[in-house]
Each structure stands twice: as C-alpha cells, then as structure tokens.
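Each chain is listed here by its residues.
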Amino acid sequence: MKNIGFLSFGHWTDHPDSGTRSASDVLHQSIDLAVAAEEIGADGAYFRVHHYAQQLGSPFPLLAAIGAKTSSIEIGTGVIDMRYENPLYMAEDAAAADLISDGRLQLGVSRGSPEQVIDGWKHFGYGAPEGMTMADVARQNTEVFLQVIDGARFAEPNPRPMFPNPHGGPLGIQPQSPGLRDRIWWGAGSNATAEWAARAGMNLMSSTLKDHESDEPFHVQQRRQIELFRDAWKEAGHERTPRVSVSRSIFALTTPEDHRYFGLNREKHDQIGYIDSGQAIFGRSYAAEPETLIAELAEDEAIAAADTLLLTVPNQLGVAYNTHVIESIIRDVAPALGWR
C-alpha cells in the first residue's frame, strides 16, 4: 500500500485559456480539488509555496480552510521556504491549522527553491548574520520551529500578567497541537540534507529534482538518498518509523483530452541543469496508456522505496480535469503496482 496525494503549484494566469485567472480562482479551486480528491480516495492534498510569483504564497489560511471542509485527507505543503519565516509566528499558525483539521497537517519545509527575485527574504525583514548563509538561517529557523511546536517553554512570564499563568514558570507558544512535531517533513535537495533531516527527526520529502551527485539515473540517485536518510534515522535512535515522499508528474492517457494535453509528452528522460550555481538532475515525467505506464513505473526505484507518492497536477486545467487525473492513477494504475 502507498499513500497517494496530489501536489499543486497553484499557478494563475489572466489568460482566456487558463482555468485559474486570479488568486481567488486558485484558492477556491484548491479547496474544491482537495474535497474532490478525498471523495475519490486520495490520501493527501499538498501545495507548493512561492513568494513574488502568481502562485500560492501564504499556505495556512488555505490549509485551515481545507481542514474545515474535509474529514480524512492529509493536508500539507511542499515546501515552505524557511528563509522567509518567523518560526514562532509560524508555529502559532501551524498549530491552529492542525487543530482545525483534527491533526491532519503534514508540513513540508526546506531552504526553498530558486527565487523570482534577488534576495527576496530581505524585503521580508530577514538576513543572514555574519558568518552564516541563508541556508544556515533556514535550518536554524526550522530547529526553533521544531522546538516550540514540541512544547518548549522559554519566555519569562510577566509578574503582573493580563491573564493568570496556568503552569507557572516560563511560557511557550500557544496553541499547541499534540503530534504535529512528528508530521514535519524536510524537502531535501541533496544526500547530506536528507541525512541532516533524519538526525533532526523529520520525515523526508524528495521532489522531482535533486543535486546531481553521481552518474546514475535520477530515480536511482533518489532511491540512494532515501536509503541514506533511513540509515541516518536508525543511527539517530528515533523511536517512530519515518515517512518518505517522492513527487512525480504522471498522466494515464485514458481519454481524448488526456492525449491532447499529454500524448506528445517529450520529457521521457532525465535532464541535467543548474540551480544556485550547482548541477542538478531533473527526473522524467510519465504519460502513457495505463498498461505502458504500469510497466514504466514498476522500474522507478525511488517510488518503490517511498511510502508516499505526490502527483504534480496541472492546476490551471481546472478541478474536474485534475480530479480525473488523480482518479485515473488510483483506479487504472495503482492496483496493478500494489499501491492499492
């Protein structure tokens, strides 16, 4: 069995061919897609977070709204850029959204992806102290976030408070949502950060690209990353079993509309590129009739190694079509691969 969810980038474009012409369209359709995905048996609704772009940028109002409209589907991010976050304020938002959803939040966090603007975090009021990089800041913010959602009490109480201190001694962030600490994921772009995430006790979220660290195909490199993560987790002595997700663009061609949109898919091979001055490998996408798709996906070693698969969806094609995309995988592909 494998958890199967969707990952939406939340694009909008003011163009006649776009099903999402505005931010309002994206937000409302994201809620509707999560509700529809739950109804067809999907396990997760995840959303990318990007700043300065016509994409979803502030996840917690959306996650809370989905939590109030659904009852069983996991709700998450992939990923929140921790260079832009105040970890204490984020802890309050995350706990509130998790409580609204009755403990279904699955938060992916990370250093973030290439930016729309130069040093965008500066405009949010953040920067790296001397001797640190913004990658260091992202990891430090994450460590603080993990501590405070885990109940750390660190703030000296006012001797004449407005409200009584029910615990005595230092105070921490409120509200607290029990179990949230175990549902934080790190989006790792390299083997080293996957191992760091394991030591920190976070689940692993691996995307459709990673640092190009060997001459092997993407799915083999990603499977190796998962193995290193699990080895580091075991060495750290954590008691629970960690979760691992991978993301893929997968389209089962079952209708004329599928063939029109994705039948000429040309991304059947890995690609090599550069991100932040480093070499990265981008995994292939999959688009074929179900029988062919089943055979191709059976060879993907990273999907086999992960317990969670996130299907990247073309959100600008609308709720009905994206529901069909997800349902086609759950119905026509997943059973033959033992995912259902």
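Residues numbered from 1 in each chain as written. Predicted model: local features only at pLDDT ≥ 70, side-chain atom pairs only at ≥ 80, totals over all residues. Heavy atoms only, no water.

Attention now goes to helix 10 (residues 319-332). An ideal rise of 1.5 Å per residue puts 20 Å on 14 residues; helix 10 measures up with 19 Å between its terminal C-alpha atoms. Within helix 10, the full set of buried residues consists of Y321, N322, T323, H324, V325, I326, S328, I329 and I330. (Helix = DSSP H or I, 4+ residues; strand = E, 2+ residues; numbered from the N terminus. Expected span 1.5 Å × (residues − 1). Buried < 20%, exposed > 50% of the residue type's maximum accessible area, 1.4 Å probe, protein only.)

If you walk through the whole model with that rule in mind, you get 2 cavities of 30 Å³ or more. Space inside the largest cavity adds up to approximately 80 Å³. As for the largest cavity, its lining consists of F6, S8, V26, Q29, S30, L33, F47, N315, G318, V319 and N322. Counting residues per element, the ones that place at least two in the lining of the largest cavity are strand 1 (3-8), helix 1 (23-39) and helix 10. Element by element, the count of residues in the lining of the largest cavity is highest for helix 1, at 4 residues. Roughly 40 Å³ of internal volume is contained in the second largest cavity. Residue lining of the second largest cavity: F47, R48, V49, L56, G57, S58, P59, L62 and L63, and that is the complete set. Of the residues forming the lining of the second largest cavity, the biggest block, 3 residues, is contributed by helix 2 (residues 59-69). Here the lining of the second largest cavity is built from residues that sort into 6 nonpolar, 2 polar and 1 charged. (1 Å grid on protein atoms, 1.4 Å probe; cavity = no way out; pocket = protein on both sides within 12 Å on 5 of 7 lines; lining within 4 Å. Points joined across faces, edges and corners; volume = space filled by probe spheres on them. Nonpolar A, V, L, I, M, F, W, Y, C, P; charged D, E, K, R; others polar.)

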